[in-house]
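# Notes for the structure review
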Number of protein chains: 2
Amino acid sequence: MTSTASTDGVRAGRRVRADGQRSRRAILEAATQLATLEGLDRLSIGDLAADIGMSKSGLYAHFRSKEELQLATIDAAEVLFDEVVVGPVRGAEPGIPSVIALADSFLDHLGARIFLGGCFFACASAEFQSKDGPVKERIAAFDRRWRARFDEHLEIAKAAGDLPMDEDNDQLFFELDAYLLYAHAAFAFRGDPKVLERAADAVRHRVGVKG
Amino acid sequence: MTSTASTDGVRAGRRVRADGQRSRRAILEAATQLATLEGLDRLSIGDLAADIGMSKSGLYAHFRSKEELQLATIDAAEVLFDEVVVGPVRGAEPGIPSVIALADSFLDHLGARIFLGGCFFACASAEFQSKDGPVKERIAAFDRRWRARFDEHLEIAKAAGDLPMDEDNDQLFFELDAYLLYAHAAFAFRGDPKVLERAADAVRHRVGVKG
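Presented here is an overview of the structure given in this document. Values in this document were obtained by computation on a predicted structure and should not be read as measured data. (Residues numbered from 1 in each chain as written. Chains lettered and ligands numbered in written order. Predicted model: local features only at pLDDT ≥ 70, side-chain atom pairs only at ≥ 80, totals over all residues. Heavy atoms only, no water.)

### Topic: the nonpolar core
- Trp146 of chain A together with Trp146 of chain B are the most contacted members of the largest nonpolar core, which has 129 residues in total.
- Other than its neighbours up to four places away in sequence, Trp146 of chain A contacts Phe81, Val85, Leu102, Phe106, Phe173, Asp177 and Leu180 of chain A. (Core = buried A, V, L, I, M, F, W, Y, C linked by side-chain atoms within 4.5 Å. Buried < 20%, exposed > 50% of the residue type's maximum accessible area, 1.4 Å probe, protein only. Contact = heavy atoms within 4.5 Å.)

In structure tokens:
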């Protein structure tokens, strides 16, 4: 009896934890989408609870503050971004092919509306640009990782002679990332898929590859 | 006596109107700045009244709804944008020099922080991208006018042989405007003036002019 009761207790504990993880995941899935439509700063625990049909107190059990919810939402968005945008590109040939593959994969994730409002991080950056603090710092950390992926392959391309030796990689990244941000902004605002093609063409043209 | 009283009445009427115009202007000046920091959709009549030290009912005398206030704020922002960005460029030589002058003038207005949050219209576009309605349509109208200024001078440049005849001006505008939007976003987020130079270099490079 004692041993059975104890086993049941462990099982119940596991179930509670599994349920807790499931609801945490459900909350964060809803939050990543809501954030790109309404804004990360608009994520109120009350609205989100209403959106997923959970009580406010249930939601407070997962996130004690709005900031904690925002930071967890960004973490969840980066996991999804890495899975959808970065993951499929890992097998690409290093250098220029990887630069193009990263850009194309980013544009594909816009076209597929993985996040309803376009690029989660472009939306979040625009929203938090004037709001210093842990949320803005968390967005900047994503941006540094995104940029490092390009830097790595631009360096490889230069070493391989696929880019001019005097090419300024900071300038090149500025221009490539500009095409991607503009594609996000124009596609999110107007919904015209032509802008995704224009960005893909611009990237190819800039790194000297014919479209 | 009657005539004096009547003249006083006219004067008082004028004074009330002049005061009304002054307060309307003060409200809209505060609103254009607040909009680029907090968001156009965050413009509550209450917050704005507190910001400029006016009563809520005084503010309601000028704008009957939040949407009316938002639309008037965009109008005021476009007047300021035209004065600061477009006006000084009107004397530039048509064609490529005007394209570069427009871009430089835009970058200068970022550097001078004419609007505290960067480009008013980039902020507003990002905020309203998923919110169809009169405010989004008003922002799109600004964007069409902005684009038309470039189109005009890109056509002149092409006719003058300063751009290749097979240059796709839609693609070219996409890339030029991308540099400007990215400069806004990066400068607003990181405050690094180097991004303004990068955008100016990118524009020159793209239209075949040495920096």
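### Focus on the packing of helix H6 (residues 120-128) of chain B against helix H7 (residues 134-159) of chain B
All names here are of chain B.
- At a closest axis distance of 10 Å, the pairing of H6 and H7 adopts a crossing angle of 140°. Taken together, the axis directions place H6 and H7 in an arrangement best described as oblique. In the packing of H6 onto H7, the handedness of the crossing is left-handed. In this structure, H6 contributes Phe121, Ala124, Ser125 and Phe128 to the contact, and H7 contributes Val135, Lys136, Ile139 and Phe142.
- Looking at the contact of H6 with H7 residue by residue, the class counts come to six nonpolar, one polar and one charged. (Axes fitted to C-alpha atoms, helices over the stretch in contact; angles between N-to-C directions. Helix = DSSP H or I, 4+ residues; strand = E, 2+ residues; numbered from the N terminus. Parallel < 35°, antiparallel > 145°, perpendicular 65-115°, else oblique. Left-handed = near helix turned anticlockwise from the far one by under 90°. Nonpolar A, V, L, I, M, F, W, Y, C, P; charged D, E, K, R; others polar.)

### Regarding the interface of chain A and chain B
- Counting residues at the interface gives 38 residues for chain A and 38 residues for chain B.
- Here chain A packs against chain B, burying approximately 3,200 Å² in sum over the two surfaces, 55% of which is carbon and sulfur.
- If you sort the residues of chain A by the area they bury against chain B, Phe174, Tyr182 and Phe189 of chain A come out on top, with a joint share of 25%.
- Along the contact surface separating chain A from chain B lie eight salt bridges.
- Here Arg190 of chain B and Asp143 of chain A are joined by a salt bridge, their closest N and O atoms 4.0 Å apart.
- Our count for the chain A to chain B interface comes out at 13 residue pairs in polar contact (both at pLDDT 80 or more).
- Mapped onto the side of chain A that touches chain B, the elements with two or more residues apiece are helix H1 (2-38), helix H6 (120-128), helix H7 (134-159), helix H8 (169-190) and helix H9 (194-206) of chain A.
- Of the residues that constitute the side of chain A that touches chain B, the class distribution is 18 nonpolar, seven polar and 13 charged. (Buried area = accessible area lost by both parts, 1.4 Å probe. Salt bridge = Lys/Arg side-chain N within 4 Å of Asp/Glu carboxyl O. Polar contact = N/O pair within 3.5 Å; in protein donor to acceptor, adjacent residues only side chain to side chain.)

### Describing the packing of aromatic side chains
Residues and elements named next belong to chain B.
- Across all of its chains, the model carries 23 aromatic pairs over all chains by this definition.
- Between Phe81 and Phe121 the ring centres are 5.8 Å apart and the planes differ by 85°, which places this aromatic pair in the edge-to-face class. Within this pair, whereas Phe81 is found in helix H4 (residues 66-86), its partner Phe121 is found in helix H6, the two being separated by 40 residues in sequence. You'll find Phe81 and Phe121 in the same group, each marked buried. (Phe/Tyr/Trp six-rings, centres within 6.5 Å; stacked < 30°, edge-to-face > 60°.)

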